[in-house]
Amino acid sequence: MKTFKCAIIEDSNTQRKLLEQIIDKNKNLTLLHSSSASTESLSEVNALKLDFLFLDIEMPVMNGFEFLAGLTIHPQVIITSKEQKYALEAFEFNVTDFLLKPFSTARFDSAISKAIDKIKSVKIKQPESKLVVKHNLKQVELNVHGILFVEALGDYVKVVTEERNYIILSTMNAFNKRLGSENFIRIHKSYIINLKMVERYNHEFIEIKNKKIPISRAKIVELDRLLNCIE
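Residues numbered from 1 in each chain as written. Predicted model: local features only at pLDDT ≥ 70, side-chain atom pairs only at ≥ 80, totals over all residues. Heavy atoms only, no water.

Looking now at helix H1 (residues 13–25). For H1, built from 13 residues, the straight-helix expectation of 18 Å at 1.5 Å per residue is met to within 8% by its first-to-last C-alpha distance of 18 Å. Of the residues making up H1, those classed as buried are Arg16, Leu19, Ile22 and Ile23. Relative to the axis of H1, the buried residues are bounded by an arc of 125 degrees and lie together on one face. Across H1 from its buried face, at more than 90 degrees, point the exposed residues Asn13, Thr14, Asp24 and Lys25. (Helix = DSSP H or I, 4+ residues; strand = E, 2+ residues; numbered from the N terminus. Expected span 1.5 Å × (residues − 1). Buried < 20%, exposed > 50% of the residue type's maximum accessible area, 1.4 Å probe, protein only. Arc of directions from axis to C-beta.)

On to a nonpolar patch on the surface, then. Together, Leu153, Tyr156, Ile167 and Leu169 line one region of the surface with nonpolar side chains, adding up to about 370 Å² of accessible area. Looking at the element boundaries, Leu153 is found in strand S8 (residues 147–153). (Patch = residues over 30% accessible without salt bridge, like charges linked within 9 Å, V, L, I, M, F, W, Y side chains within 5 Å. Areas by Shrake-Rupley, 256 points an atom, 1.4 Å probe, with all protein chains shown as cover. Salt bridge = Lys/Arg side-chain N within 4 Å of Asp/Glu carboxyl O.)

Strands sit in the order S13-S14-S15 across an open sheet of three strands; the sheet is antiparallel. The open sheet terminates on both sides in strands that have one partner only, identified here as strand S13 (200–201) and strand S15 (211–214). Sheet analysis places strand S14 (residues 205–208) next to S15, joined by four bridges and oriented antiparallel. Its bridge partner lying in S15, Phe205 is registered against Pro214. (Pairing = 2+ DSSP bridges.)

Topologically, Arg16 is positioned in helix H1. One buried charged side chain, Arg16, makes no salt bridge at all; its nearest oppositely charged neighbour is Glu20, positioned 4.5 Å away. (Lys, Arg positive; Asp, Glu negative; His and termini not counted.)

This brings us to the confidence of the model for the chain. When pLDDT is averaged along the chain, the result is 88; 95% of the residues meet or exceed 70. Across the chain, strand S3 (residues 52–55) holds the top mean pLDDT of 96, while helix H7 (residues 220–229) sits lowest at 79. (pLDDT = per-residue confidence, 0-100.)

Evaluated as defined, the whole model comprises six aromatic pairs. Aromatic side chains Phe4 and Phe52 sit 5.5 Å apart centroid to centroid with 20 degrees between the ring planes, which places their arrangement in the stacked category. Within this pair, whereas Phe4 is found in strand S1 (residues 4–9), its partner Phe52 is found in strand S3, the two being separated by 48 residues in sequence. Phe4 gets classed as buried once you look at its relative accessible area, which sits at 12%. Here Phe52 falls in the buried class, since its relative accessible area comes to 0%. (Phe/Tyr/Trp six-rings, centres within 6.5 Å; stacked < 30°, edge-to-face > 60°.)

What follows is the structure, encoded as structure tokens:
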């Protein structure tokens, strides 16, 4: 019986069909979506309850890293690329595995086993509300639920809480992945916000503790939906 739901984002029709065939033969997998990367496919994938996402990097409309940055769900991501040079950047997104094309069925099965193990371990763990970061050369434990918003500062991010600010060496993409909570959304290239801290908003900016934060046009519809659904 197929139990894990997955999607393919791949520009090459040949490679996409090959992946579809491999997935179809794997008794643990069910394919829900298969397409190239675009704004439409990103919206479709974000609306699914996925366990795995197989993602190419080099695509004409939207590359794999842009697609990853736009995800609001947290599937196990397995990169499928013919270019080894993308591996380091891929793992900054906390991807599960990197499959270098052409890959064997055995290598594919190994990646699936790793992803299944990670899913099982996540289900066993209790939800964590603490995040350990390095600030001023010291290890600091942050209460994730107390974060108001995160702002990009070049090679660093500024994490703003009610008590104080923390300057942390990290990319926005990497820090967004570490937050690992559905309460956080990247609404602009320079801002991640805690949805539960939003006091008011329109289609130009949201307001948290008198701080006006801009909203990118691509995030307006998603933000409307999330703020109307949040408890």
